[in-house]
Structure formats: structure tokens, C-alpha cells
Amino acid sequence: MIWSKEETLPREEIEKLQLERLKETVSRVYEKVEPYRRKMDEMSVKPEDIKCLKDLAKLPFVTKQDMRDNYPFGLFAVPKKELVRIHASSGTTGKPTVVGYTENDLKTWTECVSRIACMGGATAEDTAQICFGYGMFTGALGLHYGLENIGAAIVPSSTGNSQKQIMYMQDFETSLLVATPSYALRLAEVAREMGLEPKRDLGVKIALVGSELLTDAMREEMHRYWGEDVLITSNYGMSELMGPGVSGECLEHCGMHINEDFFIPEIIDPKTGEVLPEGEQGELVITCIKKEGLPLIRYRTKDITRLFYDKCKCGRTFCRMENLSGRSDDMLKIRGVNVFPSQIEEVILSVKELGPHYEIILEREGYLDKLTVKVELAESTDSFTKLETITKEVKSKLSLILGLDAKVMLESPNTLQRFEGKAKRVKDLRSVK
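Criteria and thresholds
Residues numbered from 1 in each chain as written. Predicted model: local features only at pLDDT ≥ 70, side-chain atom pairs only at ≥ 80, totals over all residues. Heavy atoms only, no water. Helix = DSSP H or I, 4+ residues; strand = E, 2+ residues; numbered from the N terminus. Rg over C-alpha atoms; globule rule 2.2 N^0.38 Å. Buried < 20%, exposed > 50% of the residue type's maximum accessible area, 1.4 Å probe, protein only. Contact = heavy atoms within 4.5 Å. Areas by Shrake-Rupley, 256 points an atom, 1.4 Å probe, with all protein chains shown as cover. Lys, Arg positive; Asp, Glu negative; His and termini not counted. Charge placed at Lys NZ, Arg CZ, Asp CG, Glu CD. Phe/Tyr/Trp six-rings, centres within 6.5 Å; stacked < 30°, edge-to-face > 60°. Lys NZ or Arg CZ within 6 Å of the ring centre and 35° of its normal. 1 Å grid on protein atoms, 1.4 Å probe; cavity = no way out; pocket = protein on both sides within 12 Å on 5 of 7 lines; lining within 4 Å. Points joined across faces, edges and corners; volume = space filled by probe spheres on them. Nonpolar A, V, L, I, M, F, W, Y, C, P; charged D, E, K, R; others polar.

(A) Up close: the overall build of the chain. Within the chain, the regular secondary structure consists of 11 helices and 21 strands. Expected size for 433 residues packed as a compact globule is a radius of gyration near 22 Å; at 22 Å, the chain falls within 12% of this value. Dimensions of the chain, computed from the C-alpha atoms along their principal axes, are close to 70 × 55 × 40 Å. Per-residue burial for the chain yields a buried fraction of 55% across its 433 residues. Here the analysis covers contacts within the chain between residues at least 6 apart in sequence; of these, 67% occur between residues at least 24 apart. Summing over all exposed atoms, the chain offers an accessible surface of approximately 19,500 Å²; the carbon and sulfur share of this is 49%. Taken together, the 60 basic and 68 acidic charged side chains of the chain have centroids lying 4 Å from each other.

In C-alpha cells form, the structure reads like this:
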């Protein structure tokens, strides 16, 4: 189902609307946001210089550090009294990033999430269990209001107490699951520990997953646990831009449609900041063109992807962003080689004897980096020969994909840490003395 007519607008109408909203947003931000006006003045660019969409490249970038430097409300375009909701990041690496919403912003947010929910197959007939943490994190409330808006019944179960989550799924006949991919797998594990088979005993038909990278291998693993007929789609967003609802995957599984009437995407070279041509991979930059409270312009997301503008088979004309390859700040430099954790995950999930849970440990011995990958076996075994065969297969595949040798440690089932929120797979101990 397509939720709104804007999703099928001709390309020229999309771009006409984008330019109109971009000009208005730039003028408003220049007038009302002093730190951004200062950035524009330093680059000798004025609002009237924005005459076409390509002129977007003349404007300065905004980063997470800008938000921290202007904590809490320095980048806001409205006075605090006009805000009706405030969210913030955890701030584990410094000052939290604060985001706020006017009444109209909440309506926009609800509209965007309603669209991506429908893209993933959600309908008014669904009972949606939201296993994101409620609170300052935007994910839970974003999906909550969007799904509620299309008429679904909401089970706001949040995270934790996985056995009770399974009880709710049974008793409330949950048909739609909202979770991170790793927690969706954990719930399936818990169900089996309770003597249930998710495919048979639980009624989940749709999974709207987000907050973590969903690789093709992880999607296959979810199908293995939850059933081949379950619709699994990824959606994308971040608190700074709005929360979930920036883009979502339709049932064609050919990328995530960006809500282009609210956001303008660009792909840049993460090193030079140069805008790259259509189809090239680089860092995603997003400009908000309909937000009142925090209308960020050219926000550097650090997420690595590419954009496609051809019309999708689903009928939507909004451009699509490829499922993320990783984050530029998640990229690991190991012995001079660029490595994304997603590459290691792809190898692990390609070996049928392994489970989906793993840990990447980086250490330094003398002047050399040491890469260790801990991964669980899918089933216990006492066969030394079998363990040696699995270890050699994983090491060989990692060497082929990464161009690096890695130590592989096979762990017993259900021994590595599980995550209810976003999984933390990497321990970089190279700077620890």
C-alpha cells in the first residue's frame, strides 16, 4: 500500500517542491540560527545565492560536533516555548545531541513513519509490538505514532524481559514486530528456550527493523528463525534529522525510499566533501526542508551508501538509498586495511555451523594490530576435527574478504553477550595500556 500521493510524484514535481522548500528553509535558518549564519558568512554565501538544487553544494555542512558545541538549543530555529517535545542522545562520548519538535514537526514525523510502515507491509489490521526502548531515544515513539496513525494496535512493550515479550506476542497475537535485527534474533532464541517455535507458535508476519545495519545475511538469518514468509524490511533515520522515517524499504527490497518532499539527500566523498555522481558510494548528507524546530542543512550522517533515482517497481518515485554498507566512523583501520564490521558479519552468517552472535576484538602486540573474532557455534560439538574445519573455513573466508589474517575463537552456544538495543560488536583495545 502507498500511503500518500506525494510518494508517486513525477521527478520534476519533486524537485520543484524541494527547491521551494529549500529556499524557504535556508532563508529562515540564516535569519534565526546565528551559528549557521556565521558559517554561511564565512563561506560568503547568502540565501539569495540558492537558485537551483545544485546550489545546495555551496552551503556549509553541519555535524554532530556543531550540535554539541551549541548545546542544548543553539541550532534551533524557534524559541523553546514553541517546542512540544524534546529528545536527546545518550551523550556517552560527550554532550548529548538535543533535538526538539514543534506541533507541526510531530505531524511531519508521524506522516513520514506512516509511509515507511506501509512500505513494509503494515496495515490497520496489525497488532504492532514495539521492542525499542521508550524514553529519550526517538525510535520507539517515532514508530509508535506512525503505526498508530495507520490504525495498527500498539503494544508498547519497550525492551527487556524477553520472556514477557514472548508472552505478549502469544496472548495479544502480535503480527508486527519493531526491533533491532539483533534483538529480533534474541527474541527467537528466547522463544525456543521456552519450548516454542517462532515459525509455528508465534504469529509475527512483519518485522520493521532499524537502529542497526541489516545486511542480506542478517535478513536471511532472521528468515531462518522467524520463517521465510515473514516480511522483513529495514528503515532508516536518526534523531538529529527527525528520528525513524527518513527512509524505508518497500517489499521490492531494492533500497530504502527517502521521503524527498521532507529531505534532500546527497552523497559526498567523506574525505574531500565533494558531491559524488548518482550511483557512486560515499557518505550520506541530508538536508531537512520542512522542519521548524531543528531544520539541519547538509547534515553529515557518517553513513555509507549510494543513491538511485530510477522508478521502483512498487510505483514510488522517491529516490532510494542502498542499505547501508557501514559508517565512516565505524570503519576499522587494521594494519593499513579498511574494514567494516558488516564484512565480518557477512562471513560469519555464510557458515551454517555458526550462530549470528559474534564479537570483534582489536589489540596491539608490539607495533602490529591483532584481530580476533569470537563467534558462537549454532550447536555444541565435541569433535575436534569439526571445530578445526569450521575455524579454517572462517579464517580462509575472512582472509579472502578482508585481506587480513584473523584469530578465530569458537564459543559454545548462548555464551556471548546479547543486546536488547543496538548491538555493540567491537572492542577496540589498541589504545588501552
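Moving on from the coordinates now.
(B) How the structure looks around the packing of aromatic side chains. Here the structure, examined in full by the defined rule, presents 4 aromatic pairs. Judged by centre distance (5.3 Å) and plane angle (90°), the rings of Phe-73 and Phe-76 are edge-to-face. Judged by relative accessible area, Phe-73 falls into the partly exposed class, the value being 29%. Look at Phe-132 and Phe-137: their rings are 5.7 Å apart centre to centre, the planes differ by 85°, and that puts the pair in the edge-to-face class. Cation over ring: Arg-300 sits above Phe-61, and NZ or CZ is 5.3 Å from the ring centre. Over the face of the ring belonging to Tyr-358 we find Arg-425, whose NZ or CZ atom lies 4.7 Å from the ring centre.

(C) Expanded view of empty space enclosed by the protein. Within this structure, the stated rule accounts for 3 cavities of 30 Å³ or more. Here the largest cavity defines a volume of roughly 60 Å³. Taken together, Val-29, Val-33, Tyr-36, Val-62, Leu-75, Pro-295, Leu-296 and Ile-297 form the lining of the largest cavity. Among the residues making up the lining of the largest cavity, the classes are represented as 8 nonpolar, no polar and no charged.

Without other data, these values stay purely geometric and don't point to any function.
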